[in-house]
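An overview of the molecular structure
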Amino acid sequence: MPSPPAIALMSPAFALDGGEEPEIAGYLPDRPGRHAVPRRLLAGQRVFRPCDRAINYLFLAHSKLRPAAFGPELLVGDLPADIRGTSRILRGGKVLWEKLFLSGEANMSHTFANLEHHHFKYGLFCQPGDLHVHMFGTATLSFADKIKPEAGDVFEISAPDFGVALSNPLAIAKGSADDAVKVRVL
């Protein structure tokens with residue numbers, strides 16, 4: 001479940017670190033039936049999610065299973081083909097790291113139409129009332145510059161096409177990476 005803007009995003013105790021990903025997201029199927037027509041009702045939101053950095057490919061998928069925030073403003077209608085914005089990390093109110101990012105179809109390997117076709121061709125994904133948050137990322141990550149976010153750092157993602165910047169602090173859950181999950185027999 002996405003967190004509202006300005007709310008701390010919790011990185012689990014077992015995570016190796018947290019990080020930002022400026023992205024575009026959001027779809028909502030609009031009518032019942034197998035061939036419901038999805039709408040880009042939420043397309044254009046900036047998204048952030050803390051995640052483990054992939055030490056190897058086995059960590060990649062579950063490294064994405066972290067809280068996310070998007071907004072605070074929605075763009076309804078056509079998405080600009082070329083989106084340019086800024087991703088930054090603030091520590092103690094000062095800029096620790098900042099980099100420009102590119103997104104939008106002009107900067108992607110696939111078209112939105114192709115991605116949408118391959119997702120929404122499944123009736124299961126066209127249920128009325130469902131919200132699909134697809135995250136179309138960028139190649140801009142502080143991890144690439146060897147930045148290690150700390151609890152209290154604020155991630156800010158902005159793009160002029162989308163209004164007010166998204167801003168969320170990072171929180172880290174108490175515990176240890178060694179805390180084992182106990183599975184019990186029924």
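Our subject is the structure that appears above.
A brief look at the structure comes next. (Residues numbered from 1 in each chain as written. Predicted model: local features only at pLDDT ≥ 70, side-chain atom pairs only at ≥ 80, totals over all residues. Heavy atoms only, no water.)

So, the overall build of the protein chain
The helix and strand tally for the protein chain stands at 2 helices and 9 strands. The helix and strand sequence of the protein chain, counted from the amino end, reads β-β-β-β-α-β-β-β-α-β-β. Sorting the 186 residues of the protein chain into buried and exposed places 39% on the buried side. Considering only residue pairs separated by 6 or more positions, the protein chain has 70% of its internal contacts joining residues 24 or more positions apart. (Helix = DSSP H or I, 4+ residues; strand = E, 2+ residues; numbered from the N terminus. Buried < 20%, exposed > 50% of the residue type's maximum accessible area, 1.4 Å probe, protein only. Contact = heavy atoms within 4.5 Å.)

Here's the deal with the pairing of strand β6 (residues 83-91)
Here β6 lies mainly inside the structure; 7 of its 9 residues are buried. Inspection of the sheet shows β6 paired to strand β7 (residues 94-103) by 9 bridges, in the antiparallel sense. Bridge pairing in β7 places Arg84 opposite Leu102. Taking the residues that link successive antiparallel strands as the turn, the β6-β7 hairpin has 2 residues, and the phi of Gly92 there is positive, at about 65 degrees. (Pairing = 2+ DSSP bridges.)

Considering helix α2 (residues 112-120)
Three or more residues of α2 are buried, namely Phe112, Glu116, His119 and Phe120. Axial view of α2: buried residues confined to an arc of 80 degrees, hence all on one face. (Arc of directions from axis to C-beta.)

Examining the environment of Leu79
When you line up the elements, Leu79 lands in the loop between β5 (69-71) and β6. Leu79 gets classed as buried once you look at its relative accessible area, which sits at 14%. Sequence separation between Leu79 and Ile24 is 55 residues; the distance between their C-alpha atoms is 9.5 Å.

Focus on the sheet that holds strand β1 (residues 9-11)
Across a sheet, paired strands are connected by hydrogen bonds in the backbone, their directions being either parallel or antiparallel. Taken together, the 5 strands give an open sheet; going across it, the order is β1-β9-β8-β6-β7, and neighbouring strands pair in mixed fashion. Two strands lie at the open edges of the sheet, namely β1 and β7, each paired on one side alone. Put simply, the sheet's adjacent strands are angled 25 degrees from each other on average, direction ignored. Taken together, the 3 bridges between β1 and strand β9 (residues 166-172) define a ladder with parallel strand orientation. Note on β9: the bridge partner recorded for Leu9 is Leu170. (Axes fitted to C-alpha atoms, helices over the stretch in contact; angles between N-to-C directions.)

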